[in-house]
Amino acid sequence: MTTKMKKDIHLTGKDLMQMVQLRPQDIGKYAIVPGPKERLDGFLKCITNPIKNFSFMEYTMYTGEYAGTKITSINGGRFSADTAITTEILCSAEAKTMIRIGSCGALSDDIKIGDLIVVDSALRGDGVTPYYVDDPKFQPVADKKLTDALFESAKTSGFKVHRGRAWSTDAILRETRAHVGKAIDQGAIAVDMVTSVFLTICQLYKVPATAILAVSDHIITGEMGFMDTNYYMAEHAMIGITLDLVKKLEGK
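Values in this document were obtained by computation on a predicted structure and should not be read as measured data. (Residues numbered from 1 in each chain as written. Predicted model: local features only at pLDDT ≥ 70, side-chain atom pairs only at ≥ 80, totals over all residues. Heavy atoms only, no water.)

Colleague: I'd love a proper account of the environment of Met238, names of residues and values included.
Modeller: With respect to the helices and strands, the residue Met238 is situated in helix H7 (residues 229-249). C-alpha separation for the pair Met238 and Leu213, spaced 25 residues apart in sequence, amounts to 7.9 Å. Not counting chain neighbours up to four residues away, the residues in contact with Met238 comprise Ile101, Gly102, Leu116, Ile212, Leu213 and Ala214. (Helix = DSSP H or I, 4+ residues; strand = E, 2+ residues; numbered from the N terminus. Contact = heavy atoms within 4.5 Å.)

What follows is the structure, given as structure tokens:
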């Protein structure tokens, strides 16, 4: 009986890229990565001539243009495992710049529902990144130049914008006082389920990446703003902010 694998890795990002028949020349210079499909649908309304690159499982990728610049977008996933899959596909397809549009819970009293958070770095509380990086001291960080530019674009949106560290955890129903307190002690101002994975994989592939998050709930006060108009407005505003960022990066 043979028990030794023939390959070092059974399935890679490049394998997935080939499976969906995606080529590097098919994607844009910038990849905008919203989490759920409905956020992707909002993004598609803002670009011209979107062409579907592929649909695979629950993921769909489109490439179109904004102000003359080729842009790709995919619903990157709500959780760490599916975010790893879509991020691997984009990195394997040689994406040049990646910007995630997400949501989060607030971990600071001065942050409100509907505020925006631009992420500098992440705490790894997810179950995916330990398979990528053994070192427990490894810290996923956003590209500074890209993040600086994103922060400046966000500040002109009319929304209150914060900047700092996000704690990513898979256990949304176990955000206990003890776990939350530990994350805050390590400098986290927000909690989500994917940013650490997104930044880790981009960092390993040496792809400049950053993330912006809309605040949907408040872990300290217990507020639930998932149906709050302020949250929906902030969620929509992130699309315009990222497109404005692309224009500025292109000198337009």
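Having seen the model, we can carry on.
Colleague: Could you give an account of the packing of aromatic side chains, naming the residues involved and the relevant values?
Modeller: For any pair of aromatic rings, the description consists of the separation of the ring centres together with the inter-plane angle of the planes. According to the stated counting rule, one finds 1 aromatic pair in the structure shown. Taking 5.8 Å as the distance between ring centres and 35° as the angle between the ring planes, the aromatic pair formed by Tyr231 and Tyr232 counts as tilted. With a relative accessible area of 7%, Tyr231 lands in the buried category. Given the relative accessible area of 39%, Tyr232 is considered partly exposed. (Phe/Tyr/Trp six-rings, centres within 6.5 Å; stacked < 30°, edge-to-face > 60°. Buried < 20%, exposed > 50% of the residue type's maximum accessible area, 1.4 Å probe, protein only.)

Colleague: Could you give an account of the pattern of salt bridges, naming the residues involved and the relevant values?
Modeller: Under the defined criterion, the tally for this structure stands at 11 salt bridges. Asp26 is the partner of Arg23 in a salt bridge, and the nearest nitrogen-oxygen pair spans 2.8 Å. A residue is classified by how much of its surface remains accessible, and Arg23, at 45% relative accessible area, is partly exposed. Classification of Asp26 as buried rests on a relative accessible area of 19%. For Asp244, the salt bridge is made with Lys248, and the minimal N-O distance between the two is 3.3 Å. A residue pair is termed a helical-turn pair when its members lie 3 or 4 positions apart in one helix, as Asp244 and Lys248 do in helix H7 at 4 residues. One connected set of salt bridges, linked through shared partners, spans Asp120, Lys144, Asp148 and Arg163. (Salt bridge = Lys/Arg side-chain N within 4 Å of Asp/Glu carboxyl O.)

Colleague: Residues and numbers for the environment of Val161, please.
Modeller: The residue Val161 is located in strand S7 (residues 161-169) in this model. For the pair Val161 and Gly114, spaced 47 residues apart in sequence, the C-alpha separation works out to 9.7 Å. Once you skip the residues sitting within four places of it in the chain, Val161 turns out to touch Leu116, Val118, Phe151, Ala154 and Lys155.

Colleague: Any details on unusual backbone geometry? Residues and values, ideally.
Modeller: One non-glycine residue, Asn49, adopts positive backbone phi at about 50°. Within the secondary structure, Asn49 is located in strand S2 (residues 48-56). Among the residues examined, Asn49 registers a relative accessible area of 63% and is labelled exposed.

Colleague: Provide a residue-level description of a nonpolar patch on the surface, including the pertinent values.
Modeller: Together, Tyr131, Tyr132, Leu204 and Tyr205 make up a nonpolar patch on the protein surface, roughly 460 Å² of accessible area in all. By the element assignment, Tyr205 lies in helix H6 (residues 195-205). (Patch = residues over 30% accessible without salt bridge, like charges linked within 9 Å, V, L, I, M, F, W, Y side chains within 5 Å. Areas by Shrake-Rupley, 256 points an atom, 1.4 Å probe, with all protein chains shown as cover.)

Colleague: Go over the packing of helix H2 (residues 37-44) against H7 with me, naming the residues and quoting the values.
Modeller: Running from N to C, H2 and H7 point in directions that differ by 50°, and their axes come no closer than 10 Å. Considering the angle they form, H2 stands oblique to H7. Of the two elements, H2 crosses H7, and the hand of that crossing is right-handed. Where H2 approaches H7, its residues Arg39, Gly42 and Phe43 are matched on the opposing element by Tyr231, Glu235, Ile239 and Leu243. For the contact of H2 with H7, a count of residues per class yields 4 nonpolar, 1 polar and 2 charged. (Axes fitted to C-alpha atoms, helices over the stretch in contact; angles between N-to-C directions. Parallel < 35°, antiparallel > 145°, perpendicular 65-115°, else oblique. Left-handed = near helix turned anticlockwise from the far one by under 90°. Nonpolar A, V, L, I, M, F, W, Y, C, P; charged D, E, K, R; others polar.)

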